[in-house]
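Each chain is listed here by its residues.
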Amino acid sequence: ARPQPAAALATPVNALEAWQDADARWRTHINQALAGAYQQLWNRLDALAYLAAPDWETVPRWRAEQEAALARTPRRPGAGTAMDAAAIARFCAHYERLTRWMLTSLPASADLTLRLDDARRVRSVTRR
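Conventions and cut-offs
- Once a new chain begins, its residue numbering starts again from 1 and follows that chain's sequence as written.
- Residues qualify for local features only when their pLDDT is at least 70, as the model is predicted, and side-chain atom pairs are given and counted only at 80 or more; totals for whole chains, interfaces and linings, by contrast, use all residues.
- Only hydrogens and water are removed before side-chain values are computed, so all heavy atoms of the structure are retained for them.
- Helix numbers and strand numbers start at the N terminus; a helix is a DSSP run of H or I with at least 4 residues, a strand a run of E with at least 2.
- Burial classes follow relative accessibility: with a 1.4 Å probe on protein chains only, a residue under 20% of its type's maximum area counts as buried, one over 50% as exposed, and anything between as partly exposed.
- Note on contacts: a residue pair is in contact if any heavy atoms of the two residues lie within 4.5 Å.
- What counts as a ring pair is set by centres within 6.5 Å for rings of Phe, Tyr and Trp (its six-membered ring), and what kind of pair is set by the plane angle: stacked under 30 degrees, edge-to-face over 60, tilted for all other angles.
- When DSSP finds two or more bridges between a pair of strands, those strands are recorded as paired.
- The term nonpolar core refers to a set of buried residues drawn from Ala, Val, Leu, Ile, Met, Phe, Trp, Tyr and Cys, joined through side-chain atoms within 4.5 Å.
- Simply put, an axis is a line fit to the C-alpha atoms, just over the touching stretch for a helix, and the angle between two N-to-C directions goes from 0 to 180 degrees.
- Directions are taken from the helix axis to each C-beta atom, and the arc is the one they span.

Could you give me a rundown of the overall build of the chain, with the residues and numbers involved?
Looking only at helices and strands, the chain features 5 helices and 3 strands. Taking all 128 residues of the chain together, 28% fall into the buried category. Within the chain, contacts between residues at least 6 apart in sequence are counted, and of these 63% link residues at least 24 apart.

Tell me about the packing of aromatic side chains, residues and numbers included.
All chains considered together, the criterion is met by 1 aromatic pair. Measuring from centroid to centroid gives 5.2 Å for phenylalanine 91 and tyrosine 95, while their planes differ by 55°, and the two rings are tilted. With a gap of 4 residues between them, phenylalanine 91 and tyrosine 95 both fall in helix H5 (residues 85-105), about one helical turn apart. The exposure class assigned to phenylalanine 91 is partly exposed, which follows from its relative accessible area of 30%.

Outline the pairing of strand E1 (residues 49-52), listing residues and values.
The alternating pattern of E1 places Tyr50 and Ala52 on a buried face and Ala49 and Leu51 on a face that is not buried. Sheet topology places E1 next to strand E2 (residues 112-116); 4 bridges connect them, and they run parallel. Within the sheet, the bridge partner assigned to alanine 49 lies in E2 and is leucine 112.

I'd like to hear about the environment of valine 59, residue by residue, with values.
Looking at the element boundaries, valine 59 is found in helix H4 (residues 58-72). Apart from the residues lying within four places of it in its own chain, the contact partners of valine 59 are Ala53 and Thr99.

Please give an account of the nonpolar core that cites residues and values.
With 10 residues, the main nonpolar core is built from Trp42, Leu48, Tyr50, Ala52, Ala53, Trp62, Leu103, Leu106, Ala110 and Leu116. If we ignore the near neighbours within four places in the chain, the residues touching leucine 116 are Leu51, Ala52, Ala53, Pro54, Trp62, Arg121, Val122 and Arg123.

Provide a residue-level description of the sheet that holds strand E3 (residues 122-127), including the pertinent values.
Hydrogen bonds between backbone atoms are what pair the strands of a sheet, whose relative direction is either parallel or antiparallel. Pairing within the open sheet is mixed, and its 3 strands lie in the order E1-E2-E3. Bordering the open sheet on either side are E1 and E3, each of which pairs with just one other strand. Within the sheet, the average angular offset between the axes of one strand and its neighbour, ignoring direction, is 15°.

Got a sec to walk through the packing of helix H2 (residues 25-35) against helix H3 (residues 37-44)? Specific residues and values, please.
Orientation of H2 relative to H3, taken along the N-to-C sense of each, is 35°, at an axis distance of 3 Å. Residues Ala33, Leu34 and Ala35 of H2 lie in contact with H3, whose contacting residues are Ala37, Tyr38 and Gln39.

Lay out H2 in plain terms, naming residues and giving numbers.
Taken together, the buried positions of H2 are Arg27, Asn31 and Leu34. Projected onto a plane normal to the axis of H2, the buried residues spread over an arc of 55° and lie on a single side. Turned more than 90 degrees from where H2 packs its buried face, Arg25, Trp26 and Gln32 sit exposed.

Here is the structure:
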């Protein structure tokens, strides 16, 4: 993601930010990293293709599907276990701000945006 405007960081996007980042210290740190070191990485890209979920609400559902598939996978020595619903919600909450931001901002800078439906099928393709 590209950095958000500083004013966008003022309001928490979810309960996790309100509770664990009430002073916006972490989201400000992340935003500064996006404007600094990550910007150097962005500048090295020759082209960017963006697979856009239909909306934020679909993202945790997709993660739950991944976890369900992991739960069905035979265990290997050292393999982790699948997350339950509460763990998935908490995990996804960490990515909500940037995911929502990318859904609105990244299509304007991506060379190719593939908009997906909730079954992950390509519904539209936009070239910039």
